[in-house]
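# Reading the structure
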Amino acid sequence: MILTRLTRQKQPPLAITATLLTRHLSTSASSSKLRDHYSFQPPPSLSPNPQNTTPNPNLNKKQKPKYRPASSLDRIKPTHSDLAFDFRFSYTESSPTVRPIGLREPKYSPFGPGRLDREWTGVCAPAVDPKVKSVDGSEDPKLEEKRRLLRERIQGTPLIEAERKILVGKCQRNKTKRQINLGRDGLTHNMLNDIHNHWTYAEAVRIKCLGVPTVDMKNVCTQLEDKTFGKIIQRHGGTLILYRGRNYNRKKRPVIPLMLWKPHEPVYPRLIKTTIDGLSIEETKEMRKRGLAVPVLTKLAKNGYYGSLVPMVRDAFLVSELVRIDCTGLERSDYKKIGCKLRDLVPCILVTFDKEQVVVWRGRDYKPPDDGHFFSNREFFDEPSGDVERCDSSDESNDQ
């Protein structure tokens, strides 16, 4: 009985196999008969071995690059730049003459690990020695001469008055919307690349300066011309027109490696001391109390134009030994930078930053500077011929 059941169970698979084989043979036979009878020719797309096939038009198309894992990107060749100056995060708000007393973080390059052949010192990437390890150092005197010769070669012959007016007219607001905004960080390193990108499409670019750097516009103009090898052909308050030069070649623009993140500020000496030099502790406390009570000279608007602040403080020192500037609404780091600029430009002595106020003292033996304390309305860039001039209008002082 068991053997009979096993044989019955094995019979159906054999029967199914035989049936499928019979159907396959009959189907192939019938298909071959139909093809012979009707002379059927399959289309090229259905033919197993197509002979007359058209070439694929996408073969000449640029192929998409293959995927590269993140680990393979670490083996990029370090970028080399022949620019003859130290790479800093900001060229107007960080002075090479002021040495920090410490660093807030390890010397980790903001250009990324191994992406630049200059070592990051925590403050800058020096051009003198690419492998320098110390924060302190002196600049090579040959670099200044190299910058001067390179700038003269790019600028070529000076512009005439008609050419200057045409370029200035093209950069007006009613003609173009292209503009670079220079804010609280001043002239940053990555802004150099933005300027060269604008010079690709136009000979001159409009730069709008607002905030802390406008306290010292002379420094802003000097650094712009020195780092870009361009020429400022007009200045009206905080608006500058920067010309690229006659011999500028956009295909040979300098290599400017970009910073991937903002580095931490180094540790600098304190601006406000416990006791002012030449005064006792009681006299210092009394002066700070009087300084917060004197009438306000001016109230600074956030992200305003502060070009007339230094002349105003110099004028106020002729009648008062203490001057108070209202900085309500400004960031603490901003009015600290403003106080530091006033200390160097007026010059004066910082008293306090309490209650969002900047209080400065003229000192015991105050003498007005030789360059005068009145606000200059016009300033010349080039020769006294007057072809190129700076117009520093006091109309924008209402922004403060």
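Above this text sits the structure in question.
Every value quoted in this text rests on a predicted model; they were computed, and no experiment measured them.

Scoring rules and cut-offs
- What you see as residue numbers is a count from 1 along each chain, following the sequence as written.
- Residue-level local features of this predicted model are given only where pLDDT is at least 70; pairs of side-chain atoms are given and counted only at 80 or more, and the full residue set underlies all totals for whole chains, interfaces and linings.
- Side-chain metrics rest on all non-hydrogen atoms present in the structure, leaving aside hydrogens and water.
- Secondary structure elements follow DSSP: runs of H or I of four or more residues count as helices, runs of E of two or more count as strands, with numbering from the N terminus.
- Partly exposed residues are those whose accessible area sits between 20% and 50% of the maximum for their type, while under 20% is buried and over 50% is exposed, using a 1.4 Å probe and protein chains only.
- The contact rule is simple, with two residues in contact once any of their heavy atoms fall within 4.5 Å.
- We get accessible surface area from the Shrake-Rupley algorithm with a probe of 1.4 Å; when it comes to residues, only the shown protein chains can shield them.
- Two strands qualify as a pair provided DSSP detects at least 2 bridges between them.
- The angle between two axes is taken between their N-to-C directions and runs from 0 to 180 degrees, where each axis is a line fitted to C-alpha atoms and a helix contributes only its stretch in contact.
- Each pair of aromatic rings taken from Phe, Tyr and Trp, with Trp reduced to its six-membered ring, is defined by centres within 6.5 Å and is described as stacked if the planes are under 30 degrees apart, edge-to-face if over 60, and tilted in the remaining cases.
- Two conditions define a charge located above a ring, namely a distance within 6 Å from the ring centre to NZ of Lys or CZ of Arg, and an angle within 35 degrees of the ring normal.
- We define a polar contact as two N or O atoms separated by no more than 3.5 Å, with the added condition that, inside protein, one atom must be a possible hydrogen donor and the other a possible acceptor, whereas residues neighbouring each other in sequence contribute only through side-chain atom pairs.
- Residues enter a nonpolar core if they are buried and are Ala, Val, Leu, Ile, Met, Phe, Trp, Tyr or Cys, with the set joined through side-chain atoms within 4.5 Å.

### Observations regarding the overall build of the chain
Scanning the chain for helices and strands turns up eight helices and 10 strands. Evaluated residue by residue, the chain yields a buried proportion of 38% over its 400 residues. Long-range pairs, those at least 24 residues apart, make up 73% of the contacts in the chain between residues at least 6 apart in sequence. When the accessible surface of the chain is totalled, it reaches about 25,400 Å², and 54% of it is carbon and sulfur.

### Considerations on the sheet that holds strand β8 (residues 357-361)
The mixed open sheet is built from four strands, whose spatial order is β5-β6-β8-β7. Edge positions in the sheet fall to β5 (296-299) and β7 (349-352), since each of these pairs with one other strand and no more. Direction aside, neighbouring strands of the sheet carry axes that sit 30° apart on average. Bridging between β5 and strand β6 (residues 322-326) involves three bridges; their strand directions are parallel. Paired with T298 across the bridge in β6 is I325. Running over the sheet, helix α6 (residues 281-291) touches β6, β7 and β8 and is turned about 50° from β6.

### Some thoughts on the packing of aromatic side chains
To describe a pair of aromatic rings, you give the distance between the ring centres and the angle between the ring planes. One pass over the full model with this rule turns up eight aromatic pairs. With a centroid separation of 5.9 Å and an interplanar angle of 75°, the aromatic rings of F85 and F87 are classed as edge-to-face. Given the relative accessible area of 2%, F85 is considered buried. Judged by relative accessible area, which is 0%, F87 ranks as buried. Centroid distance Y108 to W261: 5.7 Å. Interplanar angle 15°. Geometry classified as stacked. Here Y108 is found in the loop between α1 (2-38) and α2 (141-155), whereas its partner W261 is found in the loop between β4 (239-243) and α6, with 153 residues between them in sequence. Looking at Y108, the relative accessible area reads 46%, which means it is partly exposed. Put simply, the rings of F85, F87, Y91, F111 and W120 touch in pairs and so form one group of aromatic residues. Between R118 and the ring centre of F87, over which it is positioned, the NZ or CZ distance is 4.0 Å. One cation-aromatic arrangement involves K227 over F85; the distance from NZ or CZ to the ring centre is 5.5 Å.

### Some thoughts on the side chain of R164
Among the secondary structure elements, R164 is positioned in helix α3 (residues 161-170). Exposure remark for R164: the relative accessible area of 8% places this residue in the buried category. Among the polar contacts made by the side chain of R164, one reaches the main-chain carbonyl oxygen of I233 at a distance of 3.3 Å.

### A closer look at the environment of H189
Positionally, H189 belongs in helix α4 (residues 189-199). H189 gets classed as buried once you look at its relative accessible area, which sits at 1%. It is 6.3 Å that separates the C-alpha atoms of H189 and R88, two residues lying 101 residues apart in sequence. Excluding residues within four positions of it along the chain, H189 makes contact with F87, R88, F89, Y91, F111, I256, P257 and M259.

### Here we look at unusual backbone geometry
Both trends apply: most residues other than glycine have a negative phi, and most peptide bonds are in trans. Cis rather than trans, the peptide bond between V346 and P347 has omega equal to -15°. Within the secondary structure layout, P347 lies in the loop between α8 (332-345) and β7. Its identity is not glycine, yet N303 carries a phi of approximately 55°, on the positive side. Summarising the element assignment, N303 is placed in the loop between β5 and α7 (309-316).

### Some details on the pairing of β7
Pairing analysis gives three bridges linking β7 to β8, with the strands arranged antiparallel. Note that in β8 the partner of L350 across the bridge is V360. Linkage of β7 to β8, two consecutive antiparallel strands, is achieved through a turn of four residues, within which K355 is found at a positive phi near 55°.

### Some remarks on the nonpolar core
Buried together is how nonpolar side chains tend to be arranged in soluble globular proteins. With 32 residues, the main nonpolar core has F87, I195, I207, L224, L240 and L242 as its most contacted residues. For this core, the secondary-structure elements that each account for two or more residues are β1 (180-182), α4, β2 (204-209), α5 (217-228) and β4. In contact with L240, not counting residues within four places along its chain, are V205, R206, I207, C209, M217, V220, C221, L224, I232, Q234 and R235.

Everything listed here is a matter of geometry and, on its own, says nothing about what the molecule does.
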